[in-house]
Each structure stands twice: as C-alpha cells, then as structure tokens.
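# Secondary and tertiary structure notes
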Amino acid sequence: MKPEIVRKKLLGWYATHRRSLPWRETSDPYAIWVSEVMLQQTQVATVIPYYLRFMDRFPATEHLAGADIQEVLKLWEGLGYYSRARNLHRAAGEVVSRFNGRVPDDPATFRSLPGVGEYIAAAVLSIAFGQAVPVVDGNVKRVLSRLLEIDTPVNRSGAHKIFQEPAALFLCTKHPADFNQAIMELGALICRPKNPDCRCCPLSGLCRANRHDQTAHYPKRDAARKIPHRHLAIGVILKKGKMLVVQRPMDGFLGGLWEFPAVPADEGQTDREKFEAMISADTGLKIAMDRRLTRIRHAYTHFTLTGDVYLCRHAAGRVRLKSAHGHRWVTLRSLRRLPLHKSNHKFLDALEAALEP
Ligand code: SF4
C-alpha cells in the first residue's frame, strides 16, 4: 500500500468532508490545546459547549493561570477526568511564568508541562505549529487496524508504539495538521467502531479488512476486566438550614470537587448505628439519621456505584475531617455554585423538593 496514495485520498476527502468545529476556526495554540485536552476521552458533541464557555471565560493562558481552580473545576463540571482541568490550570501557570504566556513549540519543553503526554503533544505540535508528528488516538488506531489488518489488541499496553509506526509512515509531512485531523475525522465519522460506512470511505479500495470482509473483526481488543460495583451511604447533614459538604483531596480521583460525606455501605438497607458511627469518624460530628431521601446509580469508567442518600441532623460536635481537603456549610443555592461531582448532582432536585418549606 503506497503511503502517498493513502495521503492523497485522505486529504482529498477531508477537504470536502471536514466538520466545521470551533477549534478549527483558530490557529491559536492555546485554544487548540484546550480543545485537545477536552477531546481526550470525550465526544465532540459533548465538548463543544464546554469549550465555548471555557474559551469565553479564559481566552488566553493569562486568564486561565490567574483563575481560582474552583472556578476552573466548576466550568469543567460534568466533563469528567478532572485531572485534565487541574493539569491545564497548572500548565497555564507555567506557560505564563516561564514563557511569558506563549505556548512553547519546542517538543521537549511542551512535553515538560503538566498533563502534556504523547497524544496532546503530537496533536498540538502538528495542528497548531505544523510539525510533522503523527497522532495516535483511538480513532487512528481503529482506522489503521482495519486498513492494515493489524492484529495487536488496541487496548494492550505497548499498542501505542505498534500503531505509531504506520501512523508515521502515512503522515503527510507537508500538511501534518490536515493529515492528522483527516485520519481522526475518518475514524469519528466513517470508520466508526460499529458499522463502518465503507461505501463512503476514501480508503475502501485499499483497506484490507474491507477487501476481506473482516471489518467487524478489527480492531482487536483484549477482553475488558469486570468493572467492580460499590455501595455508598451518603449523608446530607443539616444544621440551621445549611448542609455540610466536603472537598475531595486535590490530587487523585475527582480531586478538588465537592460532595456530601459518604461512607462505604452494605448492599441493601444501611445499618443506622454503623452509618452514624462511620460518618462521625469521618467528619468528627455526631449526627442522627432521619430518613432515606433517594437512591442514585452512577457509572464511572472503572467502577459503578449505588448510593443511598440519607437526610440527617447535626446533633453535636465540630467538623474534624479525616480524609477530605476542606469543608463548608452551605445553602442549596450556594451549593450549586460549587464544582460538585456528577453522582451528587443526581439527587439535588430530590433534595430541593425535600427541603421546600
Ligand atoms: S474501508 Fe471501511 S474499514 Fe476500511 S478504513 Fe474505510 S471505513 Fe474503515
């Protein structure tokens, strides 16, 4: 398969089929960087409104660097993978302090910034600075795996390196920005995970999986591990019209986001005494459980969650946190201004209805 033919066909297709997306209307490296960070693990349609709000509030590295992380997390709320937002915020700070606000175009320097891994570096350096660096993301791996019938499972560690070789071979060094976006776009629009639209694909005459009628068998994947399930008992602790929320430690899963205190629970009915004792150990407060408000279910990528939400009264004591980063007593109104993680959002309407006078 001649790389120059693949290039020509892909670039020709991209010229007429590329979607008009907000981050394609700019050549600002910072704006392109923000879009690529958001697009990691997230669909284009979900990203667009987040991107527009984010760029409206933080149009340049200086604005992001000078912002409070709480505000950044609030704008990121619901997009998930919050370490992306924390890293971007820290990286913007470094860009301002070390490079006068200009995103560095030197690969090693750009890679030294928080959160800039191989994919982000390749995407930003090629799209914003026109450097001939191949991108390898899920879409690219899927296209290449079908085009060449590559048997390496795409989710296996080390797969990235295997796919990087053909990605580099096919890359158009004259137009790396368009080529990289073209192959990702083909994966997103035509060479979809299920039911690829081979009849409309510019590579259909070259594609091995298509020729052998094997598209359903590529890309290969190692079987996914079973996702564990957790049960939590969540306490809405009320005191003089306000409720206690705690902030998760800055580093780690959902870092910096706010939530109601929660403790691991047994499946089914929560044991009242055990719950009160565990909440007390975690917060320093003596509480009394009143009643169950609701049950929520939520799925993260690495576990699923069932949470029973209980209305509780503060009985005595001052807050002394064991694991959380900070705490606040808030009204429902001020709670809605904090970056709250998604599973807690799921019961805010039920809580509001329960607290109505
Ligand atoms: S021909 Fe089909 S399987 Fe092959 S790259 Fe195109 S869409 Fe994907």
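Numbering of residues starts from 1 in each chain and follows the order in which that chain's sequence is written. Per-residue local features of the predicted model are confined to residues with pLDDT of at least 70, and side-chain atom pairs are confined, for both listing and counting, to 80 or more; whole-chain, interface and lining totals are unaffected and use all residues. Think of the side-chain values as coming from all heavy atoms in the structure, minus any hydrogens and water.

## Here's the deal with the domain arrangement of the chain
Once the domains are mapped, the chain shows domain 1 (3–217) and domain 2 (229–355). Computed from C-alpha coordinates alone, the two centres of domain 1 and domain 2 are separated by 37 Å. Two residues form a contact once any of their heavy atoms are found within 4.5 Å. Between domain 1 and domain 2, the contact holds 10 residues from the first and 17 residues from the second. Around 990 Å² of area is buried between domain 1 and domain 2 when both sides are counted, 50% of it from carbon and sulfur atoms. Considering only the surface of domain 1 that becomes buried against domain 2, Gln 70, Tyr 82 and Arg 86 emerge as the three largest contributors, covering 47% of it. Salt bridges are counted wherever a side-chain nitrogen of Lys or Arg sits within 4 Å of a carboxyl oxygen of Asp or Glu. Inspection of the domain 1/domain 2 interface yields zero salt bridges. Counting of polar contacts relies on pairs of N or O atoms within 3.5 Å, with two restrictions inside protein: one atom must be capable of donating a hydrogen and the other of accepting it, and residues adjacent in sequence are counted only when both atoms are side-chain atoms. Here domain 1 is connected to domain 2 by eight residue pairs in polar contact (both at pLDDT 80 or more). We count a stretch as a helix when DSSP gives it H or I for four or more residues in a row; a strand needs E for two or more, and each element gets its number in order from the N terminus. Residue assignment for the side of domain 1 that touches domain 2 shows that the elements contributing at least two residues are α5 (69–76) and α6 (83–99). With four residues, α5 is the single largest residue contributor to the side of domain 1 that touches domain 2. Charged means Asp, Glu, Lys or Arg here, nonpolar means Ala, Val, Leu, Ile, Met, Phe, Trp, Tyr, Cys or Pro, and polar covers whatever is left, Gly included. Among the residues forming the side of domain 1 that touches domain 2, the class breakdown is four nonpolar, two polar and four charged. Bear in mind that the domain bounds are from an automatic or database domain assignment. When two parts are brought into contact, each loses some accessible area as probed by a 1.4 Å sphere; the total of that loss over both is the buried area.

## Some points on unusual backbone geometry
Cis rather than trans, the peptide bond between Tyr 218 and Pro 219 has omega equal to -5°. When you line up the elements, Pro 219 lands in the loop between α12 (208–211) and β1 (229–239). Unlike most non-glycine residues, Gln 41 shows phi in positive territory, near 70°. Positionally, Gln 41 belongs in the loop between α2 (29–39) and α3 (44–57). For Asn 195, which is not glycine, the phi torsion reads 50° and is therefore positive.

## A look at the packing of aromatic side chains
Working definition: a ring pair exists when centres of Phe, Tyr or Trp rings (six-membered ring for Trp) sit within 6.5 Å. Plane angles under 30 degrees give stacked, over 60 give edge-to-face, the rest tilted. For the structure shown, the criterion picks out nine aromatic pairs. Ring geometry for Phe 54 and Phe 58: centres 5.0 Å apart, planes at 70°, overall edge-to-face. A single burial state applies to Phe 54 and to Phe 58, both of which are buried. With 5.0 Å between their ring centres and 40° between their planes, Tyr 300 and Phe 303 make a pair best called tilted. Throughout this description, buried means an accessible area under 20% of the type-specific maximum (1.4 Å probe, protein chains only), exposed means over 50%, and partly exposed covers the range between.

## Considering the site of the ligand
When at least one non-hydrogen atom of a residue lies within 4 Å of a molecule or strand, that residue is treated as near it. Taken together, Arg 146, Ile 190, Cys 191, Pro 196, Cys 198, Cys 201, Ser 204, Cys 207, Asn 210 and Thr 215 make up the full set of residues adjacent to the ligand. Among the residues making up the shell around the ligand, the classes are represented as six nonpolar, three polar and one charged.

## Re the side chain of Arg 84
Locating Arg 84 in the fold gives a position in helix α6. In this structure the side chain of Arg 84 is engaged in a polar contact, spanning 3.0 Å, whose partner is the backbone oxygen of Met 38. Within the local environment of Arg 84, its side chain forms a polar contact with the backbone oxygen of Gly 80, the two atoms lying 3.1 Å apart. Apart from residues lying up to four places away in sequence, Arg 84 is in contact with Val 37, Met 38, Gln 40, Gln 41, Thr 42, Trp 76 and Leu 79.

## Brief notes about the environment of Phe 303
Residue placement: Phe 303 occurs in the loop between β5 (286–299) and β6 (304–316). Phe 303 gets classed as buried once you look at its relative accessible area, which sits at 5%. Distance from Phe 303 to His 229, taken between C-alpha atoms, is 5.6 Å for residues 74 residues apart in sequence. Those residues in contact with Phe 303, other than ones at most four positions away along the chain, are Ile 227, Pro 228, Arg 230 and Phe 253.

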